[in-house]
Amino acid sequence: MPKVVSIHSYRGGTGKSNFTANLATAVAMQGHRVAIVDTDLPSPGIHNLFGLEPEQTGKTLNSYLWSESSIEDAAYDIGDSLGIGEPGKLFLVPSSVKADDIARILKDGYDVRLMNDGFRNLVKALQLDFLFIDTHPGLSKETFLSIAISHVLILILRPDKQDYQGTAVTMDVARQLNVRKMLLAINKVHSKLNPDALKQKVEETYREPVAGIFPLSEDVVQLASEGVFCVQFPDHPVSQEFIKVAQRISEA
Amino acid sequence: MSDIGDLQSLTSSITAVTSPFRRYLSELHEKYKVINDGAVADYIPELALAKPEWFGICVGTSEGQVFEVGDCDQLFTIQSISKAFVFGLALEDHGREYVNSKVSVEPTGEAFNSIVLDEVTNRPYNPMVNAGAIATADLIKGDNGTQRLKRMLEMFKRYTGREHDINVPVFLSEKATGYRNRAMAYLMLNFGMVSEKIDETLDLYFQQCSVLVNARDLAMLSATLANGGVNPVTQERALDERYVQDVISVMLTCGMYDGSGAWAYRVGMPAKSGVGGGITAIAPGKLGIGTFSPLLDAKGNSVRGIKVCEDLSRDFGLHLFNVATPEHNLQQWIDGDASLDDW
C-alpha cells in the first residue's frame, strides 16, 4: 500500500527541504516510485535542489489548487537526471515561485479539501509507493492536513531550546490528529555534542524514536541548495545516514 | 499560534477533510454529478438563473462534525424546506392542540400546490403543502410583519449557526405572481382557518420561502433535529424538545411532496425538499444531510439529491426501520481506521 511521509519542522531553517530531497531520493534509489509535493507555497524552494528552473515548470501545485490543471500534470520526472534507474522513479510537484502567485496564496490561502484530493489523485495517477510532503514551517490548517494524512510524520529539529519547545507543540497536535507513526530527525548537530547521548535524551523527552542524526556539515553546506547530497557523495557518512533512514521508512 | 487555542475545532475540521466518510461523499459527488436529468425550476425568472451543474453535499453529525463536498457555499432559496421549521416555530408559539386545530397532519398524495381542504374540518391537510404552510405562517407571533420575519430569521440562525437574509428579487417575484397561493389564503379565510391579516401573512410566507441557505445550512437544520433540537456545533437549542418529534414525523409522512410514500419506503429518512434544489434529510440521533442540486424531477424534488440520500441510506443503514447490518459502519467510516485507509 502506498505510504505518505510528511516532513515538518516547527521553525524554519532546520534543513527540511534538503532533508526531504535527500530522503526521497534515497528511497527512490531503493527501487520505489516516489513523488515529492512542495506544499511550502509561501516560500517554495525544494525545486532548486533538483535543478528544476521556474521556466521549466509551466504548471505547478498552484495551477492545480486554482483548478487550472490536474495535479499529475504538474508533476515533473526528475529521477533520470539524478541517475535513478528502473524500477525507481522520482517526481516533483513544485510550487510557483512567481511573486504574484505567492501573494495570492498568502492572501487567500487554499482549499485544504482540494489539497487532500490532490494527494490522493497523484498517488493513483503515478502509481506511487511513496508520497513525500515538504511542508511550510509552523502550524497552520494546511500543515495540519499533511500531518493528519501521514502514515509517517518526520519532525526535524536542531538541538536548541526553541526547536525543542516547538517540536513538543507539534507532537501534541500530531497526537490529537491520530498520526500513526512519528520519527524525529536531529539536524545540524555540532561536533562537540555526543550523538548517542543526544539521541537518548531526545527519545526520553518525546517518547518517539530518533531515526537519524545529521551533523552540522560543511560538506552539506557547501553544496547548499544546488544539488542532492546523497547523489553527489554517496559514500559520505551523511549520505549513509539518509540511506539508513530511507531503509527504516521503506520497512515501516 | 493564537488560533491554536481552538485546537479542538481545527483538528476536527481537518479530520472531517481526511475522514473516509468524506471520501465516500466525494465518490458520490463524482458518481452523480454527471447525471443531468430533470430541469431547473422556472416558474419565476430568478429561479431559472440557477446553474444546472451546481452540486453540493454536506453531512453534519450529531457529534458536531461537518463533511462537505462540492458547492456547499453556494446560496439558494430554501423554498418549501422552510415549511417544516416554521411549523416547529408555530408549535412553540401556540402548542400542539391549537396548531393542529388549524392544520392537519395527514399526507395528501396531492401536489404541493393543490387547493384542497379537509371537507369536514376545513383544515389544510398538512403543513408541508402550500395551503398548510400559509396557515402555519399565519400562526407565527409578532406585533407586525417585520417582527414576525425577524423571529423567523432568528429561528433559522439557531439551527444553522449563522445569520440569514432573504433574496429580495425572489420574494418580490413570488409575491407578484403568487395568485394561486393568494387564492388559497382567501379560501382559508372564508372558512375562518386563517386570520384577517392575509397580506402580511402571505408576505411572511413568500419571505420564508426566499430565505437564502447553502447545503451546509441544510445539513445543520437536519443535524439539529437529529440531535434533539440542539445545534451540535454551537450547542444552542433551536426547537423546544417537546416538538422535535412533531416536525420530524410530518417530514417523514409529507416532506417529499407527493413522492413521500415511496421515499419513506425506500429511503426511510424524514426529509424536506424545496424547488430551489435543496433537500434536508434526518437520521435521528446520527446525522443530518443537506444536498443542493437545482435539477428537479416532475414532483419538484432534486434528482441528484434523491440519489445521494438513497445511497447514504442504503450503504450506512440510515433507514429508520433498518435492522440489517449495513455495508458500511457509520462510526467506523467517520472516525477512520487502518482498514479503510484506501490510498
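Counting restarts for each chain, with residues numbered from 1 along the sequence as it is written. Working convention: letters from A go to chains and numbers from 1 go to ligands, in the order in which they are written. In keeping with the model being predicted, local features are shown solely for residues with a pLDDT of at least 70 and side-chain atom pairs are shown and tallied solely at 80 or more, while totals for entire chains, interfaces and linings include all residues. As a rule here, side-chain values come from all non-hydrogen atoms in the structure, and water together with hydrogens is ignored.

Turning to the interface of chain B and chain A, a few remarks are in order. Note on contacts: a residue pair is in contact if any heavy atoms of the two residues lie within 4.5 Å. Counting residues at the interface gives 20 residues for chain B and 24 residues for chain A. Accessible-area loss on putting two parts together, using a 1.4 Å probe and summing over both, is the definition of buried area adopted here. With both sides pooled, the region where chain B packs onto chain A buries about 2,000 Å², and carbon together with sulfur makes up 65% of that total. Contact with chain A buries surface across chain B, with I14, D341 and W343 of chain B losing the most and accounting together for 39% of the total. Salt bridge, as applied in this entry: a Lys or Arg side-chain nitrogen positioned within 4 Å of an Asp or Glu carboxyl oxygen. On inspection of chain B and its partner chain A, the count reaches 1 salt bridge. The shortest N-O distance in the salt bridge between D117 of chain A and R22 of chain B comes to 3.2 Å. Residues adjacent in sequence count toward polar contacts only when both atoms are side-chain atoms; beyond that, a polar contact is any pair of N or O atoms within 3.5 Å, and within protein one must be able to donate a hydrogen and the other to accept it. Run the count over chain B and chain A and you get 3 residue pairs in polar contact (both at pLDDT 80 or more). Each helix corresponds to a stretch of at least 4 residues labelled H or I by DSSP, and each strand to a stretch of at least 2 residues labelled E; elements are numbered beginning at the N terminus. Counting only elements with at least two residues in the side of chain B that touches chain A, the list comes to α1 (7–18), α2 (20–33) and β3 (66–70) of chain B.

Turning our eyes to something else, we now look at the domain arrangement of chain B. Residues and elements named next belong to chain B. Boundaries between domains were set according to an automatic or database domain assignment. Parsing chain B into structural domains produces domain 1 (2–79 + 211–340) and domain 2 (82–208). Contacts between the two partners involve 37 residues from domain 1 and, on the opposite side, 38 residues from domain 2. Contact with domain 2 buries surface across domain 1, with V211, L221 and Y243 losing the most and accounting together for 18% of the total. Here domain 1 is connected to domain 2 by 2 salt bridges. The closest approach of N and O atoms between D246 and R96, which form a salt bridge, is 2.7 Å.

Residues and elements named next belong to chain B. On the secondary structure map, R182 appears in helix α9 (residues 179–190). Under the relative-accessibility criterion, R182 is labelled partly exposed at 23%. With 16 residues separating them in the primary sequence, R182 and I198 have C-alpha atoms 8.4 Å apart. Each residue touching R182, except ones within four places of it in the same chain, is listed here: K175, D199, L202 and F206. The classification of residues rests on relative accessible area computed with a 1.4 Å probe and restricted to protein chains. Under 20% of the type maximum is buried, over 50% is exposed, and intermediate values are partly exposed.

This paragraph deals with the nonpolar core. All names here are of chain B. Take the buried Ala, Val, Leu, Ile, Met, Phe, Trp, Tyr and Cys residues and link them wherever side-chain atoms come within 4.5 Å; each set so joined is a nonpolar core. In terms of nonpolar packing, the biggest core is built from 67 residues, with F85, M155, F156, Y159, M188 and L225 touching the most fellow members. Of all elements in the fold, only α4 (81–94), α6 (130–138), α7 (145–160), α9, α10 (198–209), α11 (215–226) and α12 (244–254) reach the threshold of two or more residues within this core. In terms of domain composition, this core takes at least three residues from each of domain 1 (2–79 + 211–340) and domain 2 (82–208). Those residues within four positions of M188 in sequence are excluded, and the remaining contacts are L117, P124, A131, I134, A135, M193 and V194.

Okay, the pattern of salt bridges next. Residue and element names in this part refer to chain B. Inspection of the entire model under this criterion finds 26 salt bridges over all chains. Note that E310 is salt-bridged to R266, the shortest N-O span being 2.6 Å. Pair noted here: E310 is in helix α14 (residues 303–316) and R266 is in helix α13 (residues 260–266), with a separation of 44 residues, a long-range link. Residue E310 is classed as partly exposed on the basis of its relative accessible area of 23%.

A word on the side chain of K102 of chain B. Along the polypeptide, K102 of chain B turns up in helix α5 (residues 96–102). Ignoring any residue separated from it by four or fewer positions in sequence, one finds K102 of chain B in contact with R123, P124, A135, L139, G192 and M193 of chain B.

Let us look at the packing of α4 of chain B against α12 of chain B. Residues and elements named next belong to chain B. Orientation is described by lines fitted to C-alpha atoms, with helices fitted over the stretch in contact, and by angles between N-to-C directions that extend from 0 to 180 degrees. Closest axis-to-axis distance for the α4/α12 pair is 9 Å, and the angle between their directions is 145°. As α4 runs across α12, the sense of the crossing is right-handed. Of the residues in α12, those in contact with A84, F87, G88 and L91 of α4 are D246, V247, V250 and M251. Throughout, a crossing is termed right-handed when the near helix is turned clockwise from the far one, and left-handed when it is turned anticlockwise from it by less than a right angle.

Residue and element names in this part refer to chain B. Residue placement: T15 occurs in helix α1. Judged by relative accessible area, T15 falls into the partly exposed class, the value being 32%. Separated by 320 residues in sequence, T15 and D335 have C-alpha atoms that sit 8.1 Å apart.

Below, the discussion takes up unusual backbone geometry. With an omega dihedral of 0°, the bond running from E86 of chain A to P87 of chain A counts as a cis peptide bond. Tracing the backbone through its elements, the reader meets P87 of chain A in the loop between β3 (76–77) and β4 (89–93). Even without being glycine, Y257 of chain B reaches a positive phi, approximately 55°. Position of Y257 of chain B relative to the elements: it lies in the loop between α12 and α13. You can call Y257 of chain B buried: its relative accessible area is 7%.

To continue, consider the sheet that holds strand β6 (residues 152–157) of chain A. What holds strands together in a sheet is hydrogen bonding between their backbones, with the strands either parallel or antiparallel. Residue and element names in this part refer to chain A. Sheet architecture is open: 8 strands sit in the order β3-β4-β2-β5-β1-β6-β7-β8, paired in mixed fashion. If you trace the sheet from one side to the other, it starts and ends with β3 and β8 (210–215), each paired once. Strands pair, by our definition, only if DSSP identifies at least two bridges between them. Where strand β1 (residues 3–8) and β6 come together, 4 bridges link them in parallel fashion. Within β6, the residue paired with I7 across the bridge is I154. Set on the sheet, helix α6 (residues 141–149) makes contact with β1, β5 (130–134) and β6; between it and β1 the angle comes to about 140°.

Here is the rule: rings of Phe, Tyr and Trp (six-membered ring for Trp) pair when centre to centre is within 6.5 Å. Planes less than 30 degrees apart are stacked, more than 60 are edge-to-face, and the remainder are tilted. Overall, the coordinates contain 15 aromatic pairs over all chains when judged by the stated rule. Each ring, one from Y24 of chain B and one from F316 of chain B, has its centre 4.8 Å from the other, and the planes form 85°; the classification is edge-to-face. Note that Y24 of chain B is positioned in helix α2 and F316 of chain B in helix α14, a separation of 292 residues in sequence. Measuring from ring centre to ring centre gives 5.0 Å for F85 of chain B and Y159 of chain B, while their planes differ by 80°; the resulting arrangement is edge-to-face. Highlighted residues: F85 of chain B in helix α4 and Y159 of chain B in helix α7, separated in sequence by 74 residues. Ring pairs connect the aromatic residues F21, Y24, F67, F316 and W333 of chain B, which therefore count as one cluster. In this scheme, the term charge over a ring applies when either NZ of a lysine or CZ of an arginine sits within 6 Å of the ring centre and within 35 degrees of the ring normal. Note that R104 of chain A overlies the ring of W66 of chain A, its terminal NZ or CZ placed 3.8 Å from the centroid. Here R304 of chain B stacks its cationic end above the ring of F55 of chain B, 5.1 Å away from the centre of that ring.

All names here are of chain B. Taken across its 5 residues, β3 has 4 buried, putting it largely inside the fold. Bridge count for strand β2 (residues 56–61) against β3 is 5 bridges, and the pairing is antiparallel. Of the residues in β3, the one forming a bridge with V59 is F67. In textbook terms, the turn of a hairpin is the stretch between consecutive antiparallel strands, and for β2 and β3 this stretch comprises 4 residues, one of which, G64, has a positive phi near 95°.

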